[in-house]
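Here is how the chains run, residue by residue.
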Amino acid sequence: MPLSANVWLAPALLVVLFLSGCLAPELAFTLPEDYAEGAGGEYPGLVGIPNLDDDNENGEVDWEEAALVEGENDLSSFTLSAALFRGLQRQQRIRMVLEGATSAIRVWRDGEVVLGKVEGGYIEAHSVAPFEDGEEEVLYRVEFEDFLVAGRLRLELHDGDEVLASDEIYVTAAPLILNHHLQQTEEVWLLELDAGPSYNNRQMVSAYEEVLGEVFTAIDGPSYDGDVWVQDEFQFGWTMAPGLRNDIVVDSIRDRSLDEYPEQELLRPDWVVRTWGDSSQVNSLDSFGNLEVSPPVTVDGVNYPFGRIYYGGAEFLHPDRQLTDFLASQRVQRPFEIDTTWLCVSHIDEVSSFVPDPSAPRGFRFVWADTRSAWSLLEGMEPSAPLGRYSLPFPGGHDLPDVAAFLNSQQLRFLNEEIQEDYLDPLLEQMKTELGLSDDEVVLMPALFEEPVGCLGLVAALIPGMANLFVSNRGDQTDVFLADPFMRESLSSAAGQDQDPFIADVTDRMPPHINFHFVDDWSMYHMALGEVHCGSNSTRTPAAHWWETAVHLLPEAP
Amino acid sequence: MRRALVTALFVVLVAAPALHAAPPVEPISDALLGLYVAGSSYVLQRDALLTADRPTEAELTALYEHQDWRVQLLAELIVGLRHRPEQQARVSALEPVLDRVGRPRFVGPELMAPEARIFIWERLQFGGEPPAIRASLARTLIGLGGDWEQLLARLLADEHEAQVRLVLVSGMRGGDAQTADSVFALALLDPDPAVRAEACRSIGWRGDGERWGSALMTALSDQSPEVRAMAARSLGWTADAEAWRPLLSRLDDSAAEVRLHALRALARIDVERAAAIGMLRRLQQDPDARVSRLATGIVQGH
């Protein structure tokens, strides 16, 4: 070959080599705009929500349907670009592979499952054919069967058996996250019942209506046999991913008259009602007044941006383990149990709560029942001061005519001393440890307990339990509804609240920005061993993105 | 046999009054007592008594002082039914609501009137309802107070359901000591440990609990830990110094609840003496955190 030919051949070869590099297939998943550059490659990658709702309202969970249903809006998506095929050589193939929970994920293209669960098994690999009709990109949709299902999707450039290049993303379903008291309130429920002058919640319902307006819904009492314990039958939570949200109603195995309410009144597209546990083994601790969530906390250096779940129980008596194990498996709100078996109803909401407080170190105060504060207040009162509500005989009241009846009962002092020493003090320490609370984050709520007949020595609130409160946050406005303690002669919540030393003291202890509503829950709730929170429930707005703030809490990447 | 006899009496007294121009009081009381064994024909027999000319109101009111308390109540019931049938209908139609634990609970103005008591008792005694509802009726009855507490011992003696007996015993957390004597005497021998425990608990709630000191000391040896614990607590609440040794012997009880209440009772009786108890060091290491905390507190003089 003459030298001149070589002179021309060398640059031509360089050009060919350069062009072939430029035209090599571009292996890349394109995630929606909500994701940062490269987010797919880092766990949890492309996130979604489990497809547990029923968008076409045909009575079947959408995941269980053979085809994508009309109105389906719970799938995540990514696209592949035509650049995937640029420069693809005849013998080369593009494959997409799914690994991880392959039978709990589906990847859809043009209404067909191309990867993951199909009837009778699952597809692990999909050959990506060149796009037709000059399409620049093709949309894929990812569907998840359950919470926290995770897998990996990989694009591979094959040349025969050899993988020349690949790109991988994680795909992860959202965990179930339960609401805490600092989130914005969306809708509030209370059951309305009026069975005459001695048994109704007229004043309480009016107060909710007046303060909350259209976000408040009164459930028709007679339709649900007067089951006023709206907190106990269901718990609200949610799953979220960019652009996706399902509200989750965790339906308790308690199964009393309100059991059908979620299915009858709440279930609609993007809402899911699920139950964990065996209702034949139900006990009082399975009610959701016994399932609470703290605000965001950092404990021993671990940040819980959605707070921690806590519930009452003990080794010998506890909520159904199917539920508590499931909640623990969600990881993000790592649950803990504290002993409430000394309470007749055994619900954690009888003695604890959280309220927002912008001036507090972490934006909240923890409210905890305290008998010493109650005695101290009683000792400051005139012993002969009549106590209208307390003076009524059972079932109307506690047969305690005046302040002296409290002060002179050595037995009542003994009982409350023992409760304080054996339970309230040590359990407060446990709450402080589990939630990393400092002393100044704790508000002690005056409380006294009694041993109701038939409770076998277990106790319930004697003074209406004011720690058992309901918080509504709308914009900057915080409203707290709590029991009127009736530490005065008046039989009505409409009279004498400004003279009630307990109301004055509680208002003083609590954050000043809160609007307090001391409502009359006496006959329908208090005398039936519950208070305001027990009768209320609400949905709340998710306050953070778990895929950004709670990644450190998730299970190992698949 | 007894039912047949009573039915015969019923026929003689009520269905064929003409044959008896002036029946003696005893046949009337027997007819009333027949309601106790009437079973499913209770309402039929009761209504026959209501609508018949005899017994007259005078005859019935004469039975208010009858030696048999059941006759007293039944006489009062028949009079009440004749005068206030609407009230009885309301009481018998009342549906309980469920408290937060799920126990039935009766509410409403019908139950606040003292005159309703006789009808509540009737429903409790003859309504044939489940134990939980009967227990709630008993609780309502006690809540209404009055001289009905004297009937507690009698109702207790006849009551088959432990759940109801427990409630009846709790009615003696207050009330006069003599009535309480009879109630506690029965309750502390009750076959159901929950009833015996309630007796011990109720004694503690009374201002005169020391009156039953020796009974509580006996209960410290009960086979049920629940009973032993409540006996210990009540001995502490009544600060019964006589109980020192028996309480001391319970500090190594197998049940933590008993050790806790025994130790606290000793401290309530004499805290300085309690601080010198030899076992205290061991109790500071007790596997139950409440016991170890209490023992430590006593050692440290808190």
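**Overview of the overall build of chain B**
A count of helical and extended segments in chain B gives 19 helices and 2 strands. Since a compact globule built from 302 residues should have a radius of gyration of about 19 Å, the 25 Å found for chain B marks it as more spread out than a globular shape. Projected onto its principal axes, the C-alpha coordinates of chain B cover approximately 85 × 35 × 30 Å. Expressed as a percentage of the 302 residues in chain B, the buried residues total 55%. A separation of at least 24 residues holds for 65% of the contacts in chain B among residues at least 6 apart in sequence. Accessible surface for chain B amounts to roughly 13,100 Å². Of this, 55% is attributable to carbon and sulfur atoms. The distance from the centre of the 34 positive side-chain charges to the centre of the 39 negative ones in chain B is 7 Å.

**What to know about the confidence of the model for chain B**
The predicted model of chain B has a mean per-residue pLDDT of 90, with 91% of residues at 70 or higher. The model gives residues 1-22 of chain B a pLDDT under 50, and that stretch makes 28 contacts with residues more than four places away or in other chains.

**Some thoughts on the interface of chain B and chain A**
Between chain B and chain A, the residue contacts involve 38 residues of the former and 41 residues of the latter. With both sides pooled, the region where chain B packs onto chain A buries about 3,300 Å², and carbon together with sulfur makes up 53% of that total. The largest contributions to the chain B side of the interface with chain A come from Arg-100, Arg-105 and Trp-205 of chain B, which together make up 26% of the buried area. Counting across the interface, chain B meets chain A through 7 salt bridges. For the salt bridge of Glu-421 of chain A with Arg-264 of chain B, the shortest nitrogen-to-oxygen distance reads 3.1 Å. Summed over the shared surface of chain B and chain A, the number is 23 residue pairs in polar contact (both at pLDDT 80 or more). Looking at the side of chain B that touches chain A, the elements with two or more residues in it are strand S1 (97-98), helix H8 (131-143), helix H10 (162-170), helix H12 (193-205), helix H14 (225-237), helix H16 (256-269) and helix H19 (289-299) of chain B. Here the side of chain B that touches chain A takes 5 residues from H16 of chain B, the largest share from any one element.

**Observations concerning the state of the cysteines**
Applying the stated criterion to the full structure yields 1 disulfide over all chains. A sulfur-sulfur separation of 2.0 Å characterises the disulfide bridge that pairs Cys-344 of chain A with Cys-455 of chain A. Here Cys-344 of chain A and Cys-455 of chain A share a disulfide; its torsion about the S-S bond, -75°, makes the bridge left-handed. Taken together, the residues Cys-344 of chain A in the loop between strand S22 (336-338) and strand S23 (352-356) and Cys-455 of chain A in the loop between strand S26 (449-450) and strand S27 (460-461) connect sequence positions 111 residues apart. Comparing Cys-344 of chain A with Cys-455 of chain A shows no difference in burial state: the two are buried. As a non-bridged cysteine, Cys-534 of chain A has Cys-344 of chain A as the owner of its nearest cysteine sulfur, 12 Å distant. Residue Cys-200 of chain B stays outside any disulfide, its sulfur separated by 18 Å from that of Cys-455 of chain A, the closest cysteine.

**Quick look at the packing of aromatic side chains**
The full count for this structure, using the stated rule, is 36 aromatic pairs over all chains. Considering the side-chain rings of Tyr-208 of chain A and Phe-470 of chain A, the 6.0 Å spacing of their centres and the 25° angle between planes classify their relative orientation as stacked. Here Tyr-208 of chain A, found in helix H2 (residues 202-212), pairs with Phe-470 of chain A, found in strand S28 (residues 470-474); they are 262 residues apart in sequence, far enough to count as distant. Each member of the pair Tyr-208 of chain A and Phe-470 of chain A is classed as buried. Seen in terms of ring centroids, Phe-234 of chain A and Phe-236 of chain A are 5.6 Å apart; in terms of plane orientation they differ by 70°. Their pairing is edge-to-face. Accessibility expressed as a relative area gives 0% for Phe-234 of chain A, which makes it buried. Put simply, the rings of Trp-189, Tyr-224, Phe-234, Phe-236, Tyr-261 and Trp-271 of chain A pair up and form one aromatic cluster. In this structure, Arg-139 of chain B packs its charged tip against the face of Phe-394 of chain A, placed 3.7 Å from the ring centre.

**Things to note about the pattern of salt bridges**
Residue and element names in this part refer to chain A. Counted by the stated rule, this structure contains 51 salt bridges over all chains. In this structure, the salt-bridge partner of Arg-154 is Glu-156, at a minimum N-O distance of 2.9 Å. A single burial state applies to Arg-154 and to Glu-156, both of which are buried. One salt-bridge network, held together by shared partners, links Arg-95, Glu-99, Arg-152, Arg-154, Glu-156 and Glu-168.

**Points about the packing of helix H6 (residues 371-379) of chain A against helix H9 (residues 410-435) of chain A**
All names here are of chain A. Put simply, H6 and H9 touch, their axes get as near as 9 Å, and they point 150° apart. Where H6 abuts H9, its residues Thr-371, Arg-372, Trp-375 and Glu-379 lie against Leu-412, Arg-413, Asn-416, Gln-420, Leu-424 and Asp-425. Taken together, the residues that form the contact of H6 with H9 break down as 3 nonpolar, 3 polar and 4 charged.

**A word on helix H7 (residues 117-126) of chain B**
Buried residues dominate H7 of chain B, accounting for 9 of its 10 residues. Within the span of H7 of chain B, buried status applies to Arg-117, Ile-118, Phe-119, Ile-120, Trp-121, Glu-122, Arg-123, Leu-124 and Phe-126 of chain B.

**As for the domain arrangement of chain A**
Residue and element names in this part refer to chain A. In terms of domains, chain A is made up of domain 1 (2-173) and domain 2 (178-550). Just the C-alpha atoms count here: the centres of domain 1 and domain 2 sit 48 Å apart. Facing the 21 residues of domain 1 at the interface are 20 residues of domain 2. Note on domain 1 versus domain 2: buried area summed over both sides is about 1,600 Å², and carbon and sulfur give 67% of it.

**Some remarks on the pairing of strand S29 (residues 477-483) of chain A**
The side chains of a regular strand alternate, first on one face of the sheet and then on the other. Residue and element names in this part refer to chain A. With 6 of its 7 residues buried, S29 lies for the most part within the structure. Inspection of the sheet shows S28 paired to S29 by 5 bridges, in the antiparallel sense. Counted as the bridge partner of Phe-470 is Phe-481 from S29. Bridge count for S29 against strand S30 (residues 515-519) is 5 bridges, and the pairing is parallel. Across the sheet, the residue bridging to Phe-481 is His-517, located in S30. Note that the unit made of S29, helix H10 (residues 501-509) and S30 has a crossover that is right-handed.

**Side note on the pairing of strand S5 (residues 105-109) of chain A**
All names here are of chain A. Of all 5 residues in S5, 5 are buried, a share of seventy percent or more. Note: S5 against strand S9 (residues 137-144), 5 bridges, orientation antiparallel. Counted as the bridge partner of Trp-108 is Arg-141 from S9. Taken together, the 4 bridges between S5 and strand S6 (residues 112-118) define a ladder with antiparallel strand orientation. When the sheet's bridge partners are listed, Trp-108 is paired in S6 with Val-113. Following S5, the chain reverses through 2 residues before pairing antiparallel with S6; Asp-110 in that reversal takes a positive phi of roughly 50°.

Parameters at a glance
Residues numbered from 1 in each chain as written. Chains lettered and ligands numbered in written order. Predicted model: local features only at pLDDT ≥ 70, side-chain atom pairs only at ≥ 80, totals over all residues. Heavy atoms only, no water. Helix = DSSP H or I, 4+ residues; strand = E, 2+ residues; numbered from the N terminus. Rg over C-alpha atoms; globule rule 2.2 N^0.38 Å. Buried < 20%, exposed > 50% of the residue type's maximum accessible area, 1.4 Å probe, protein only. Contact = heavy atoms within 4.5 Å. Areas by Shrake-Rupley, 256 points an atom, 1.4 Å probe, with all protein chains shown as cover. Lys, Arg positive; Asp, Glu negative; His and termini not counted. Charge placed at Lys NZ, Arg CZ, Asp CG, Glu CD. pLDDT = per-residue confidence, 0-100. Buried area = accessible area lost by both parts, 1.4 Å probe. Salt bridge = Lys/Arg side-chain N within 4 Å of Asp/Glu carboxyl O. Polar contact = N/O pair within 3.5 Å; in protein donor to acceptor, adjacent residues only side chain to side chain. Disulfide = S-S within 2.5 Å. Phe/Tyr/Trp six-rings, centres within 6.5 Å; stacked < 30°, edge-to-face > 60°. Lys NZ or Arg CZ within 6 Å of the ring centre and 35° of its normal. Axes fitted to C-alpha atoms, helices over the stretch in contact; angles between N-to-C directions. Nonpolar A, V, L, I, M, F, W, Y, C, P; charged D, E, K, R; others polar. Domains from an automatic or database assignment. Pairing = 2+ DSSP bridges. Right-handed = clockwise from strand over helix to strand, strands pointing away.

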